[in-house]
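# Residue-level structural notes
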Amino acid sequence: MIVDQLAVEVLSDPVALGAAAAAAAAESLRRTIEERGAARLILAAAPSQTQTLAALSVAEGIDWSKVQAFHMDEYVGLPVDAEQRFGLWLRRHFTTPAPLTVFDREGGADPEAEAARYAGLVSAEPIDVVLAGIGVNGHLAFNDPPADFGTTDIVQVVALDQTSRRQQVDEGLFARLDDVPTHAWTLTVPCLLSAREIFCMVSGMAKRVAVRRTLRGPVDPDVPASVLRTHSRARLFVDREAFGDE
């Protein structure tokens, strides 16, 4: 189905979703490398991405040495070796990774200075592919509602809302809400939308309301993921549990 410009594919379960999304992303990366000699990739780090990343990491015909990868968000204030850091999560789950450029490599960086450093790296050349998810509150990366659709920033330091922080506990990443950092770096919505292609993967009952709000109603900063409907080459892969009876 197509919602505005967003292509939506409903799969039976997370494994089927991951296989389909990885096949599409792999084809895009192979094509980009063939045409341009290299590819630039932005990755989400979340349990909803596990199946896609596992399948993509063993996809045939991708020269990972020619892929530069970035992750789209990171907590502010976590020690550099904290297991919850998204850069470390990606290294654990993306088993044949492209060279990965990460936020706050040494730990303890000044938030605004680190935002500027990372923004310079991300914006040095166009982004080819984004692999994204949707939060339970509809966020993209850590752009919580109401998201800023018009900013010219590439990276922002943001305060995380309670729903985003609770999601990290519910997904088993932190033991208690008080353990979840209150702030994060995030690539902005316009930065993500600048990519040539976007592949968004969503699974599980907990995301059903977010998916419904993304696909129904207006494109609205209060539902950040709804902005995907404005991108001419965005695809949403969703499993039956998350899609429901739409």
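Refer to the structure above for everything that follows.
Numbering of residues starts from 1 in every chain and runs along the sequence as written. Where local features are concerned, this predicted model is filtered to residues with pLDDT of at least 70; where side-chain atom pairs are given and counted, the filter is 80 or more; whole-chain, interface and lining totals use all residues. Processing note: side-chain calculations cover all non-hydrogen atoms of the structure and skip hydrogens and water entirely.

## Points about the sheet that holds strand β3 (residues 39-43)
The test is simple: In this description, strands pair whenever DSSP reports at least two bridges between them. Numbered from the N terminus, helices here are DSSP runs of H or I no shorter than four residues, and strands are runs of E no shorter than two. By definition, residues are in contact when any of their heavy atoms lie within 4.5 Å. For helices, the fitted axis covers only the stretch in contact; all axes are lines through C-alpha atoms, and the angles between them, taken along N-to-C directions, range from 0 to 180 degrees.
Strand order in the open sheet formed by eight strands is β1-β2-β11-β10-β7-β3-β4-β6, and the pairing between neighbours is mixed. Because the sheet does not close on itself, it has two edges, and the strands there are β1 (2-3) and β6 (100-101). Of the strand pairs in this sheet, strand β2 (residues 6-11) and strand β11 (residues 234-239) are connected by five bridges, and their pairing is parallel. From the neighbouring strand, Leu11 faces β11, where its bridge partner is Asp239. Along the sheet face, helix α4 (residues 111-122) touches β3, β4 (67-71) and β6 and points at about 150 degrees away from the line of β4.

## Examining unusual backbone geometry
Spelled out, the test is: Only protein chains enter the accessibility calculation, which uses a 1.4 Å probe. A residue is then buried if its area is under 20% of the maximum for its type, exposed if over 50%, and partly exposed in between.
Along the chain, Pro145 connects to Pro146 via a cis peptide bond; the corresponding omega equals -5 degrees. Of note in the backbone geometry, Asp4 takes a positive phi value of approximately 55 degrees without being a glycine. As for its position among the elements, Asp4 is in the loop between β1 and β2. The backbone phi angle of Ala141 is positive, close to 50 degrees, even though this residue is not glycine. Position of Ala141 relative to the elements: it lies in the loop between β7 (129-132) and β8 (155-159). According to the relative accessible area criterion, Ala141 is buried, its value standing at 6%.

## Looking at the packing of helix α2 (residues 50-57) against helix α3 (residues 86-93)
The condition that has to hold: Any angle from 65 to 115 degrees is called roughly perpendicular, while one under 35 is roughly parallel, one over 145 is roughly antiparallel, and all others are oblique. Three classes are used, and their members are as follows: Ala, Val, Leu, Ile, Met, Phe, Trp, Tyr, Cys and Pro are nonpolar, Asp, Glu, Lys and Arg are charged, and the others, Gly among them, are polar.
Between α2 and α3, the least distance of the axes is 9 Å, while the angle of their chain directions is 50 degrees. For the element pair α2 / α3, the angle class is oblique. Touching Thr50, Leu53 and Ala54 of α2 are Trp89, Leu90 and His93, all from α3. The class makeup of the residues in the contact of α2 with α3 is four nonpolar, two polar and no charged.

## Regarding the pattern of salt bridges
What counts here: Criterion for a salt bridge: a side-chain nitrogen of Lys or Arg within 4 Å of a carboxyl oxygen of Asp or Glu.
Considering all chains together, one arrives at twelve salt bridges under this definition. A salt bridge links Arg85 to Asp104; the nearest nitrogen and oxygen atoms lie 3.8 Å apart. Of this pair, Arg85 sits in the loop between β5 (73-75) and α3 while Asp104 sits in the loop between β6 and α4, and the two are 19 residues apart along the sequence. Residue classification places Arg85 among the buried residues on the basis of a relative accessible area of 3%. Two residues, Asp128 and Arg196, come together in a salt bridge whose shortest N-O distance is 3.8 Å.

## Digging into the sheet that holds β8
Read across the open sheet, the three strands follow the order β5-β9-β8; overall the sheet is antiparallel. Each edge of the open sheet carries a strand with a single partner, namely β5 and β8. Averaged over all neighbouring strand pairs, the angle between strand axes comes to 20 degrees, with direction disregarded. With five bridges joining them, β8 and strand β9 (residues 183-187) adopt antiparallel strand pairing. The partner of Val155 across the bridge, within β9, is Leu187.

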